[in-house]
Amino acid sequence: GAVVSQHPSWVICKSGTSVKIECRSLDFQATTMFWYRQFPKQSLMLMATSNEGSKATYEQGVEKDKFLINHASLTLSTLTVTSAHPEDSSFYICSARDSIAGSGNTIYFGEGSWLTVV
Amino acid sequence: KQEVTQIPAALSVPEGENLVLNCSFTDSAIYNLQWFRQDPGKGLTSLLLIQSSQREQTSGRLNASLDKSSGRSTLYIAASQPGDSATYLCAVDNQGGKLIFGQGTELSVKP
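These numbers come from a predicted model, not from an experiment. (Residues numbered from 1 in each chain as written. Chains lettered and ligands numbered in written order. Predicted model: local features only at pLDDT ≥ 70, side-chain atom pairs only at ≥ 80, totals over all residues. Heavy atoms only, no water.)

**Points about the pattern of salt bridges**
Stage number 1. Taken as a whole, this structure holds 6 salt bridges over all chains when the rule is applied.
Stage number 2. Ionic pairing is found between Glu22(A) and Arg24(A), a salt bridge with its closest N-O pair at 3.5 Å.
Stage number 3. The exposure class of Arg24(A) is partly exposed, given its relative accessible area of 35%.
Stage number 4. Across the pair Arg61(B) and Asp84(B) runs a salt bridge, and its minimum N-O distance is 2.8 Å. Taken together, the residues Arg61(B) in the loop between β6 (56-59) and β7 (62-67) and Asp84(B) in the loop between β8 (72-77) and β9 (86-93) connect sequence positions 23 residues apart.
Stage number 5. Owing to a relative accessible area of 29%, Arg61(B) belongs among the partly exposed residues under this scheme. (Salt bridge = Lys/Arg side-chain N within 4 Å of Asp/Glu carboxyl O. Buried < 20%, exposed > 50% of the residue type's maximum accessible area, 1.4 Å probe, protein only. Helix = DSSP H or I, 4+ residues; strand = E, 2+ residues; numbered from the N terminus.)

**As for the environment of Arg61(B)**
All names here are of chain B.
Stage number 1. It is 8.3 Å that separates the C-alpha atoms of Arg 61 and Ser 80, two residues lying 19 residues apart in sequence.
Stage number 2. Once you skip the residues sitting within four places of it in the chain, Arg 61 turns out to touch Tyr 76, Ile 77, Ala 78, Ala 79, Ser 80, Gln 81 and Asp 84.
Stage number 3. Among the polar contacts listed, one links the side chain of Arg 61 to the backbone oxygen of Ala 78, at a separation of 2.9 Å.
Stage number 4. In this structure the side chain of Arg 61 is engaged in a polar contact, spanning 2.8 Å, whose partner is the side chain of Asp 84. (Contact = heavy atoms within 4.5 Å. Polar contact = N/O pair within 3.5 Å; in protein donor to acceptor, adjacent residues only side chain to side chain.)

So, in structure tokens, the structure goes:
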């Protein structure tokens, strides 16, 4: 079945540094991917919609200059947390929509990435 | 703006019980509704997806229903087992893949 790979699964970084998280669709093409954030004991909140070959669409309240999203190919989207602060520590998870006609626009989720900023 | 609410927030039951988790949404113009399971510190496992034209879906001991007009969905778990312990999330898709999640129901099944 379709798989979305997210890397890294865990990352610890120092305050002020940048961290990149990758989301790959392994056996299907995804013109659209989505990035979510989940704080402990809370639900998933959509951060942005990543569109292949164009700029991402950010949800209200999400800083586009802090959370840089690049979707350079049909199988890869990246989220870069710039100048990370401890309050950015969270679980980040991506999803990808199968772009092929007839797939039912099925959504597949990655395994998520735990970010800890110290 | 779509809002998704799940009740109860937490539920503890003895093994073997049948149980129902509830999900409500404010905007009935949805593409589909999906139930997920999330284990602590892990990603999401998709359990059941109900298209907007469907009324229910079944998989093993799980049955999910959808009533679009009233903005409600239920997840029925039959003969619960300790391995069912997890957080169950309901999510609606009403804009091409952007999922709006409920807060989740944390289920604990006691042996």
